Protein chains: 2
Amino acid sequence: MSGTAAERVGIDVGGSAIKAGRVGADGSVHAKQNWDAPHFDRGPAHVLDGIAELARSLGVRDALGIGVPGLLDRARGFLIESPNLPNFKALDVRGELARRLGLDPARVHVENDANAAAVGEQWLGGARGERDALVLTLGTGIGGGLILNGELFAGEGMAGEVGHVVIAPGGRACGCGRAGCVEQYASATAARRRALEAGLPKDAPGDLKRLTELARTADGAERALCFEVGRDLGRGLGPVLCLLDIRCFVFGGGFSAALDVLEPGIRAGIEERSYGERQHSVRLLRATLGPKAGWIGAAKLAF
Amino acid sequence: MSGTAAERVGIDVGGSAIKAGRVGADGSVHAKQNWDAPHFDRGPAHVLDGIAELARSLGVRDALGIGVPGLLDRARGFLIESPNLPNFKALDVRGELARRLGLDPARVHVENDANAAAVGEQWLGGARGERDALVLTLGTGIGGGLILNGELFAGEGMAGEVGHVVIAPGGRACGCGRAGCVEQYASATAARRRALEAGLPKDAPGDLKRLTELARTADGAERALCFEVGRDLGRGLGPVLCLLDIRCFVFGGGFSAALDVLEPGIRAGIEERSYGERQHSVRLLRATLGPKAGWIGAAKLAF
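Residues numbered from 1 in each chain as written. Chains lettered and ligands numbered in written order. Predicted model: local features only at pLDDT ≥ 70, side-chain atom pairs only at ≥ 80, totals over all residues. Heavy atoms only, no water.

**Let's talk about the overall build of chain A**
For chain A, the helix and strand inventory stands at nine helices and 13 strands. Taking 2.2 N^0.38 as the reference for a compact globule, 303 residues should give roughly 19 Å; the C-alpha atoms of chain A span a radius of gyration of 20 Å, in line with that estimate. Among the 303 residues that make up chain A, the fraction classed as buried is 58%. The contacts of chain A with a sequence gap of at least 6 include a subset with a gap of at least 24, amounting to 59%. Just so you have it, chain A exposes about 11,600 Å², and 50% of that area is on carbon and sulfur atoms. Where the 36 positive side-chain charges of chain A centre and where its 36 negative ones centre are 1 Å apart. (Helix = DSSP H or I, 4+ residues; strand = E, 2+ residues; numbered from the N terminus. Rg over C-alpha atoms; globule rule 2.2 N^0.38 Å. Buried < 20%, exposed > 50% of the residue type's maximum accessible area, 1.4 Å probe, protein only. Contact = heavy atoms within 4.5 Å. Areas by Shrake-Rupley, 256 points an atom, 1.4 Å probe, with all protein chains shown as cover. Lys, Arg positive; Asp, Glu negative; His and termini not counted. Charge placed at Lys NZ, Arg CZ, Asp CG, Glu CD.)

If you want it as structure tokens, here you go:
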């Protein structure tokens, strides 16, 4: 396989797999490849070797994009730290990959993984063509990437962290060290915990897929719980409307499959925490690229 | 007086005065003029006549910018409604002024007043040269305008409304119809109310100037109250860091004179409602253009 100048390789570093692909400037996906279950415990050099190998096998030419989870120094392409990859600290991702692949470091674009996914969804997915949108990922936590004026907006590097908007002051402790963050109430993990606590659904407590099915079919305890979870999510989105007045929210991640049953709650939560007529024109959309969003976005950023 | 092509007239419609001036492309202020105590109760036509007169006397040529309080249809230059000017509704500000002044409507730029002030401060004031900043006005309420990537960001038109970020769910009722909005705790009006309730300062309850002086000179009840008010303000800014990761906040409006005594509280509130290392690089600055910010920004938008 060999890429052409009008194609870019994108890579998405996830906790359980490293996904990659090659994408044309026209949005055509030419090849994709996964590295399942990489041994992060063998250290950064091992993982970077594997990523370089993946890029080579996809025919990387003169530019590459990579999405990594964690706190970045985006200007330098450094991973400062990554909560999920404890031994990946102060890592010169750009320099190390450029050296391994013989690329100009300026052509290696390093981005936060949620931001890369947002770019992917805006380019080819659920946020396609949207000028302003917040792309959320409902998973272990709640990640987010902001598209403003058609471009990724990262601020000083960590914009879009909607998961840590405090919706319940003095509420549940969060891994970030604060309390009451929305991801403690409305991530997939939080929803599972709430379902378990409520003993729902009765035949399979904590099973979100089953919970969602039941919420969809009958007006019972499962639907009420989904409403509560959705409302908490909407409470976290209220400040987004107040501050940015954007009306398009795109939901990805495993739990976004429940968007239809979460929607009434989400709208109630937004209504409670923002004002004016704008709530009525809010659109809640599903992400469509699934696990490809990250590497497609990373590839886009490398053009 | 006569303006040149490299100058613009800017107008700021406030509740107690309409302020205007002419500004050069280089930021030089050539003339200013106020219309004190306009009779808003005589209706929109009367006020628009007066604004046109003001613009003519300032030598308006082919373009004009105007900041108005309220909800706009920015694309059409319409004032949809204005909470402070009840009989100004569905008003074609752009068309009416263009007709009165013989201007091309496309050259009449209508903007929200807080947004216009933010543009002014970023051009020539306290946010000068900042790439990303939130410019706040601490007055009757808390207004805000967002500068992102060096440009005004308005979203669908109402971005920057930080005053209505909910910091205390189920808290004090707000004029917006919701409860617990930050402006119910940290605007000048709210601070005055809190001071009155606390009987502070003892010699002049509710006098914010005196309260601030005492907070500055001694570690007593006045300082503690300013800390509380500041902390509530900071709680409203926490989501701004989470969502946008911007680090520059510029405070204008009468109550911003108290910024030095509010600052410890503001930082504590931000710390409580956002996370990571970014809090430490937050800069809290004073706006410097005072009542000129609005019309200077409006003029800038007309270039």
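**Observations regarding the interface of chain A and chain B**
Taken together, the 37 residues of chain A in the interface contact 37 residues of chain B. Between chain A and chain B the total buried area reaches about 3,200 Å² when both faces are included, carbon and sulfur atoms providing 62% of it. When residues of chain A are sorted by the area they lose upon contact with chain B, Arg178(A), Leu243(A) and Tyr275(A) head the list and together hold 23% of the total. For the pair chain A and chain B, the interface holds four salt bridges. A salt bridge links Arg178(A) to Glu271(B); the nearest nitrogen and oxygen atoms lie 3.2 Å apart. Of all the elements in the fold, those that place two or more residues in the side of chain A that touches chain B are β10 (142-148), α7 (221-244) and α8 (259-273) of chain A. (Buried area = accessible area lost by both parts, 1.4 Å probe. Salt bridge = Lys/Arg side-chain N within 4 Å of Asp/Glu carboxyl O.)

**Considerations on the relation of the copies chain A and chain B**
Screw-axis analysis of chain A against chain B gives a translation of 0.0 Å along the axis, an RMSD of 0.0 Å, and a rotation angle of 180°. Such a turn and shift between the copies fits a two-fold axis. Closest approach to the rotation axis among the C-alpha atoms of chain A is made by Pro239(A), whose C-alpha sits 3.5 Å away. When you check the interface residues of chain A against chain B, 100% turn up at the interface there too, and the contact is symmetric in its surfaces. (Least-squares fit on C-alpha atoms with pLDDT ≥ 70 in both.)

**So, the nonpolar core**
Ranked by size, the top nonpolar core spans 86 residues in total, and within it Leu244(A) and Leu244(B) carry the most contacts. The contact partners of Leu244(A), leaving out residues within four places of it in the chain, are Leu146(A), Leu148(A), Pro239(A), Leu146(B), Leu148(B), Phe153(B), Ala154(B), Gly155(B), Ala159(B) and Leu244(B). (Core = buried A, V, L, I, M, F, W, Y, C linked by side-chain atoms within 4.5 Å.)

**Section: the packing of aromatic side chains**
All names here are of chain A. Inspection of every chain in the model, using the stated rule, returns four aromatic pairs over all chains. Taken together, a centroid distance of 6.1 Å and an interplanar angle of 70° make the contact between tryptophan 123 and phenylalanine 303 edge-to-face. One end of the pair, tryptophan 123, is in helix α3 (residues 113-124); the other, phenylalanine 303, is in the segment after α9 (293-301), and 180 residues separate them in sequence. For phenylalanine 303, a relative accessible area of 37% gives the class partly exposed. Against the face of phenylalanine 78 rests arginine 76, its NZ or CZ located 4.2 Å from the ring centre. Above the plane of the ring of tyrosine 275 lies arginine 278, whose end atom (NZ or CZ) is 5.1 Å from the centre. (Phe/Tyr/Trp six-rings, centres within 6.5 Å; stacked < 30°, edge-to-face > 60°. Lys NZ or Arg CZ within 6 Å of the ring centre and 35° of its normal.)

**Some words on the environment of Phe78(B)**
Residues and elements named next belong to chain B. Along the chain, the position of phenylalanine 78 falls in strand β6 (residues 78-81). With 14 residues separating them in the primary sequence, phenylalanine 78 and aspartate 92 have C-alpha atoms 4.5 Å apart. The contact partners of phenylalanine 78, leaving out residues within four places of it in the chain, are Leu71, Leu72, Asp73, Ala90, Leu91 and Asp92.

**Brief notes about the domain arrangement of chain A**
Residue and element names in this part refer to chain A. Each assigned domain of chain A is listed with its residue range as follows: domain 1 (7-117 + 292-301) and domain 2 (129-287). On the domain 2 side, the residues contacting the five residues of domain 1 number eight residues. Across the interface of domain 1 and domain 2, roughly 640 Å² is buried in total on both sides, 60% from carbon and sulfur atoms. Of all residues in domain 1, Arg74, Ala114 and Asn115 give up the largest surface area on contact with domain 2, accounting jointly for 63% of the area buried on that side. Between the two partners, domain 1 and domain 2, sit zero salt bridges. Counting across the interface, domain 1 meets domain 2 through zero residue pairs in polar contact (both at pLDDT 80 or more). Split by residue class, the side of domain 1 that touches domain 2 holds two nonpolar, one polar and two charged. (Domains from an automatic or database assignment. Polar contact = N/O pair within 3.5 Å; in protein donor to acceptor, adjacent residues only side chain to side chain. Nonpolar A, V, L, I, M, F, W, Y, C, P; charged D, E, K, R; others polar.)

**Comments concerning the pairing of β10(A)**
As a general feature of sheets, a regular strand has side chains that alternate between the two faces. Residues and elements named next belong to chain A. For β10, a buried count of six out of seven residues is recorded, marking the element as mostly surrounded by other parts of the structure. Two elements, strand β9 (residues 133-138) and β10, share six bridges in a ladder whose sense is antiparallel. Across the sheet, residue leucine 134 finds its bridge partner in β10, namely leucine 146. Where β9 hands over to β10, the hairpin turn is made up of three residues, counted between the paired strands. In the sheet, β10 pairs with strand β11 (residues 151-153) via three bridges, with the strands oriented antiparallel. (Pairing = 2+ DSSP bridges.)

**Things to note about the environment of Glu121(A)**
Residues and elements named next belong to chain A. Tracing the backbone through its elements, the reader meets glutamate 121 in helix α3. Overall, the relative accessible area of 2% leaves glutamate 121 in the buried class. Sequence separation between glutamate 121 and tyrosine 275 is 154 residues, and the spatial gap between their C-alpha atoms is 28 Å. Here glutamate 121 is in contact with Gly126, Ala127, Arg128, Val135, Ala287, Thr288, Leu289, Gly290 and Ala293, once residues within four sequence places are set aside.

**Considerations on the side chain of Arg278(B)**
All names here are of chain B. Take arginine 278: it is sitting in the loop between α8 (259-273) and β13 (283-286). Residue classification places arginine 278 among the buried positions, given a relative accessible area of 2%. Engagement of the side chain of arginine 278 in a polar contact is seen with the backbone oxygen of tyrosine 275, the distance being 3.1 Å.

**Considering helix α5 (residues 188-198) of chain B**
Residues and elements named next belong to chain B. By the burial criterion, the buried members of α5 are Ala188, Ala190, Ala191, Arg194 and Ala195. All buried residues of α5 fall inside an arc of 160° around its axis, so they share one side. Exposed side chains of α5 directed beyond 90 degrees from the buried face belong to Leu196 and Glu197. Considering only its buried residues, α5 is in contact with β9 (133-138), α4 (183-186), α6 (208-217) and α7 (221-244). Downstream of α5 by one or two residues, glycine 199 has phi in the positive range, about 65°. (Arc of directions from axis to C-beta.)

**Looking at the sheet that holds strand β11 (residues 151-153) of chain B**
All names here are of chain B. Taken in spatial order, the five strands make up an open sheet running β11-β10-β9-β12-β13, and their pairing is mixed. Both outer strands of the open sheet, β11 and β13, are each paired with one neighbouring strand and no more. Within the sheet, the average angular offset between the axes of one strand and its neighbour, ignoring direction, is 30°. In the packing of helix α3 (residues 113-124) onto the sheet, contacts are made with β9, β10 (142-148) and β11, and the angle to β10 comes to roughly 50°. (Axes fitted to C-alpha atoms, helices over the stretch in contact; angles between N-to-C directions.)

**Side note on the packing of α7(A) against α8(A)**
Residues and elements named next belong to chain A. Across the interface, α7 lies against α8 with an axial gap of 6 Å and an inter-helix angle of 40°. In terms of axis orientation, α7 runs oblique to α8. Two packed elements cross with a definite hand, and for α7 against α8 that hand is right-handed. In terms of residue class, the contact of α7 with α8 is made up of 14 nonpolar, five polar and four charged. (Parallel < 35°, antiparallel > 145°, perpendicular 65-115°, else oblique. Left-handed = near helix turned anticlockwise from the far one by under 90°.)

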